[in-house]
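# Notes for the structure review
Spelled out, the chains give:
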Amino acid sequence: MIEPTLVIIKPDGLSKALTGNILSRLSESKLEIVAAKMVRVSKELAELHYQHLKNEPFFESVVQYLKGDHHVKKKVLAMIYWGENAIARVRELAGATNPEEADPRSIRGSYGRITSHGIYENVLHASSCTEDVEREIKLWFNPNDIILDLYPTKLITESVTQRVWA
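This write-up is about the structure you can find in this document. (Residues numbered from 1 in each chain as written. Predicted model: local features only at pLDDT ≥ 70, side-chain atom pairs only at ≥ 80, totals over all residues. Heavy atoms only, no water.)

As a further point, take the sheet that holds strand 3 (residues 76-84). Strand order in the open sheet made by the 4 strands is 2-3-1-6, with antiparallel pairing throughout. Taken across any chain shown, the strands that pair with only one partner, and hence form the sheet edges, are strand 2 (32-39) and strand 6 (124-126). Across the sheet, the axes of successive neighbouring strands diverge by a mean angle of 15°, strand direction being ignored. Relative to strand 3, strand 2 runs antiparallel, the two sharing 7 bridges. When the bridges of strand 3 are listed, Met 38 appears paired with Leu 77. Each of strand 1 (2-9), strand 3 and strand 6 touches helix 2 (residues 19-27); the most contacted strand, strand 3, lies at about 10° to it. Docked against the sheet, helix 5 (residues 86-94) engages strand 1, strand 3 and strand 6, running at close to 35° with respect to strand 1. (Pairing = 2+ DSSP bridges. Helix = DSSP H or I, 4+ residues; strand = E, 2+ residues; numbered from the N terminus. Axes fitted to C-alpha atoms, helices over the stretch in contact; angles between N-to-C directions. Contact = heavy atoms within 4.5 Å.)

Next comes the structure, spelled out in C-alpha cells:
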C-alpha cells in the first residue's frame with residue numbers, strides 16, 4: 001500500500017549532528033520525501049503530539065524533550081516520507097522506542113540512549129499506524145507544505161494577518 005509517514009529528527013539528533021547519518025539510513029527505505037521543514041516546537045504542539053501520553057507520569061518530560069528544553073538545539077526536522085509500506089519500513093529502520101531494546105543496527109540502537117533522568121533520547125519519531133500518521137501530519141504540516149494531496153482539503157477565504165519579509 002502506498003502511504004505517507006511522519007518522521008521527526010528530535011533535538012538530540014540535531015544537537016549531536018546526526019541529521020546526515022539519520023537521513024542516509026532513512027534513504028535505505030527508497031521512500032520519497034514529500035515535505036520537510038525545521039520547526040521550533042511550542043509547548044502546545046508538543047502536548048498535542050504526545051496527547052496519547054497525557055496521563056502518564058513522564059508526560060511533562062517528553063513535552064520538554066520535544067521542545068528541546070534538554071538540548072542546545074531547540075528545534076526539530078519534521079518530514080513526510082511517501083511510498084510503499086512507508087510506516088512499516090521507516091519503523092523497521094528506526095528500531096524500538098527504547099534505545100536499549102532497539103536492534104543495534106537500527107537508528108535508535110545506533111544513536112539513542114537513556115539519560116540519567118530516565119528520558120529516552122531516541123533521536124527520531126516515526127509514526128506507528130495510519131491513524132497516527134494522519135493526525136500527526138495535520139498537526140505538523142499545512143496542505144501547501146506538502147507536494148502531494150494526501151488528504152482532502154478545502155479553500156477558505158478570510159482576512160489573515162501574516163508575517164512577510166520586510
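In this section: the environment of Gly 109. Looking at the element boundaries, Gly 109 is found in helix 6 (residues 107-111). Look at Gly 109 and you get partly exposed, because its relative accessible area is 25%. Residues Gly 109 and Leu 23, 86 residues apart in the sequence, show an inter-C-alpha distance of 15 Å. In this view, Gly 109 contacts Pro 99, Ala 102, Asp 103 and Pro 104; residues no more than four positions away in its chain are not counted. (Buried < 20%, exposed > 50% of the residue type's maximum accessible area, 1.4 Å probe, protein only.)

From the geometry alone we can't say anything about function, so treat these as descriptive.
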